[in-house]
Amino acid sequence: MSTTTSDEKNAMPAHDAHTPEHSLNDGGSLQLPNSWRYKRFSIFGYKLPWMASPPVQLVIVSLVCFMCPGMFNALNGMGGGGQLDPTANNQANTALYSTFAVIGFFAGTFTNKLGIRTALSFGGIGYSIYVASYLSYNHTRNLGFTTFAGALLGVCAGLLWCAQGAIMMSYPPEESKGRYISWFWMIFNLGAVIGSLIPLGQNIHNTTASSVNDGTYVGFLILTIIGAALAWVLVDARDVIRADGSKVIVMKHPSWKSEIVGLWETFLSDAYIIALFPMFLASNWFYAYHFTEVNGAYFNTRTRALNGVVYYIMQIVGAYVFGFALDFKGVRRTTRAKCAWLALFTTIMIVWGFGYMFQKTYDRAWASDKTNQKKDWSDSGYAGPFVLYMFYGFSDAAWQTCVYWFMGALTNNGRKLANFAGFYKGIQSAGGAITWALDNNGIEYMHMFATNWGLLAGSLLIALPVILWKVKDTVPIEEDIAFTDETIAEVAPKARISTTNDDVEKV
């Protein structure tokens, strides 16, 4: 519960994040603490932000995810985790998303107490062990190790993604949240693009369906270890200072009790978040279908690798288009929220409508028949499924970007957003656990397709009231600090920083 007094709350005037105070190149000056975290350096005349600034912290967490979840996505994007038989991958991912669903839902409590760096680094280690289990499986066929690694990664990833979500949604000013989300998603998916290029290069002449070689797994393993170590470069959330002197709203003195109570308080004060739960569930529901039942089932090894590359390239494009549109200046945020909902609904109906046409051309029986030749990029008729798979990636990024932006538009409180991110990742992972289990149990591809399309469209309809009535043009700072033990004077803008470099405002 907040301990802020009424006098303290009135110590500063209400703050509107849509004011020039958030511009980096307006007049004025900002007195920063005398610490290495706030030193600025110039490169070729470009004055970089200080280390403890939101843009730099976002880039660091993006690089961590570039090398950890990015490699995970590249590995799973090939279908079957790079294995010809998807059994090990299905069981590992079922275990992963089962533990992820439980830990993720409560991850906000752990992240708020342990801190951003600890959560991210611990999460990165789980990705390393997951990749190592597949390297081992290539030689030992040890199904127990891959399943254990999946379950462990669920615990680790729950903390990593909660910390990442808190940074991405609470560090930027209100008018920049769409761009921050898109920058993260672009850098993160660039990791998956590069990761997908590794198996593509190593299997480019392999026109049969087979498992990837050891070199692919070793490359992924090295990158995930680097990513886990990089998390320790981050600074604590309480040390982050924006360009206008404002700080991230967090608990100054979090305890296990305060954060457990805070999780319950989030439900009491923001019960409407439940209306977004179906969107959370849908956000990982389609990966088993995309990766295993389309890419893994229909294409051979080298074509799967190529498809993985373009899938994640289109994720970058989708994040850019939707992220920057969500921050379009001159249009009220309430209007942008409604337009985003409409654009997302239209995208889902068009892309999955073409997906229905494609799904009618094959089924699980065809994919399981080893006498059938899997499709290669040199085959006639490849262009249509190739373009469809591209736009599956585009629509995924559009979905994730919008969901994060919707949550970020509801509050600027870092503590509350950590809980929102935990709800998101926990429920999302429950959906993933269900779909990987369904695939492992041999569900018909068309039935899986129908659950995806129905859930995506239906969840948007359920979320519409929140978009219409809960998203505001700006959230008053008095409302944001009510969920913490901080005061307005401690977190409100202090001054504006002067610089002659116009590009700094864009970072």
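One numbering rule holds for all chains: residues counted from 1, following each sequence as written. Two thresholds apply to this predicted model, a pLDDT of at least 70 for residue-level local features and 80 or more for giving and counting side-chain atom pairs, whereas whole-chain, interface and lining totals are computed over all residues. Think of the side-chain values as coming from all heavy atoms in the structure, minus any hydrogens and water.

Chemist: I'd like a rundown of the overall build of the chain, residues and numbers included.
Modeler: A count of helices and strands for the chain gives 20 helices and two strands. Exposure is judged per residue with a 1.4 Å probe applied to protein chains only, and the accessible area is read against the type maximum: over 50% gives exposed, under 20% gives buried, and values in between give partly exposed. Relative to its full complement of 507 residues, the chain shows a buried share of 60%. Note on contacts: a residue pair is in contact if any heavy atoms of the two residues lie within 4.5 Å. Considering only residue pairs separated by 6 or more positions, the chain has 87% of its internal contacts joining residues 24 or more positions apart. The helix and strand labels rest on DSSP assignments: H or I over at least four residues marks a helix, E over at least two residues marks a strand, and numbering proceeds from the N terminus.

Chemist: Account for helix α12 (residues 287–298), with residues named and values stated.
Modeler: Of all twelve residues making up α12, twelve are buried, and the element is well covered by its neighbours. Tyr-287, Ala-288, Tyr-289, His-290, Phe-291, Thr-292, Glu-293, Val-294, Asn-295, Gly-296, Ala-297 and Tyr-298 are the residues of α12 that are buried.

Chemist: I'd like a description of the nonpolar core, backed by residues and values.
Modeler: One finds Leu-120, Trp-161 and Phe-280 to be the most contacted residues of the largest nonpolar core, which totals 136 residues. Per-element accounting of this core gives the leading share, 15 residues, to helix α16 (residues 383–408). Residues contacting Trp-161, with those up to four places away along its chain left out, are Pro-69, Phe-100, Tyr-127, Phe-184, Trp-185, Phe-188, Tyr-404 and Lys-425. In these notes, a set of buried Ala, Val, Leu, Ile, Met, Phe, Trp, Tyr and Cys residues joined through side-chain atoms within 4.5 Å is what counts as a nonpolar core.

Chemist: Describe a nonpolar patch on the surface, and please don't skip the residues or the numbers.
Modeler: On the surface, Val-102, Phe-106, Phe-110 and Leu-114 cluster together into a nonpolar patch covering about 340 Å² of accessible area. Relative to the helices and strands, Val-102 resides in helix α4 (residues 87–105). Under the relative-accessibility criterion, Val-102 is labelled exposed at 51%. Patches draw on residues past 30% relative accessible area with no salt bridge. Two like charges within 9 Å are joined, as are two nonpolar side chains (Val, Leu, Ile, Met, Phe, Trp, Tyr) within 5 Å. Residue burial considers only the protein chains on display, and all accessible areas are found by Shrake-Rupley using a 1.4 Å probe. Note on definitions: salt bridges are taken to be side-chain nitrogens of Lys or Arg within 4 Å of carboxyl oxygens of Asp or Glu.

Chemist: Explain helix α7 (residues 143–170) to me, and be specific about the residues and the numbers.
Modeler: What a helix should span is 1.5 Å times the count of its residues minus one. For α7, with 28 residues, the first-to-last C-alpha span of 40 Å sits near the 40 Å given by 1.5 Å per residue. Helix geometry: α7 is bent most strongly at Cys-156, by close to 25 degrees. Of all 28 residues making up α7, 20 are buried, and the element is well covered by its neighbours. Within 3.5 Å is the distance limit for a polar contact, defined as a pair of N or O atoms, with the added protein rule that one can donate a hydrogen and the other accept it, and that residues adjacent in sequence qualify only through two side-chain atoms. N-cap assignment for α7: the residue whose side-chain oxygen lies 3.1 Å from the backbone N of Gly-144 is Asn-142. By definition, a residue's bend is the angle between the axes fitted to the seven residues ending there and the seven starting there.

Chemist: How would you summarise the packing of aromatic side chains if you had to cite specific residues and measurements?
Modeler: Pairing of aromatic side chains here covers Phe, Tyr and the six-membered ring of Trp, requires ring centres within 6.5 Å, and sorts the geometry by plane angle: under 30 degrees stacked, over 60 edge-to-face, intermediate tilted. Inspection of the entire model under this criterion finds 46 aromatic pairs. On the numbers, 6.1 Å between centres and 20 degrees between planes, the contact of Tyr-134 with Tyr-217 is stacked. Here the residue Tyr-134 occupies a position in helix α6 (residues 116–140), and Tyr-217 occupies one in helix α9 (residues 214–230), the gap between them amounting to 83 residues. Judged by relative accessible area, which is 0%, Tyr-134 ranks as buried. Both rings, one in Phe-184 and one in Phe-188, keep their centres 5.5 Å apart while their planes meet at 15 degrees; by these two values the pair is stacked. In this pair, Phe-184 and Phe-188 both sit in helix α8 (residues 177–202), four residues apart, roughly one turn of the helix. For Phe-184, a relative accessible area of 0% corresponds to the buried category. Looking at Phe-188, the relative accessible area reads 3%, which means it is buried. Following the ring pairs from residue to residue traces out a cluster consisting of Phe-105, Phe-106, Trp-161, Phe-184, Trp-185, Phe-188, Phe-277, Phe-280, Tyr-404, Phe-423 and Tyr-424. Note on geometry: a ring has a charge over it if NZ (lysine) or CZ (arginine) is within 6 Å of the ring centre and within 35 degrees of the ring normal. Stacked on the ring of Trp-161, the Lys or Arg Lys-425 has its end atom at 4.1 Å from the ring centre.

Everything listed here is a matter of geometry and, on its own, says nothing about what the molecule does.
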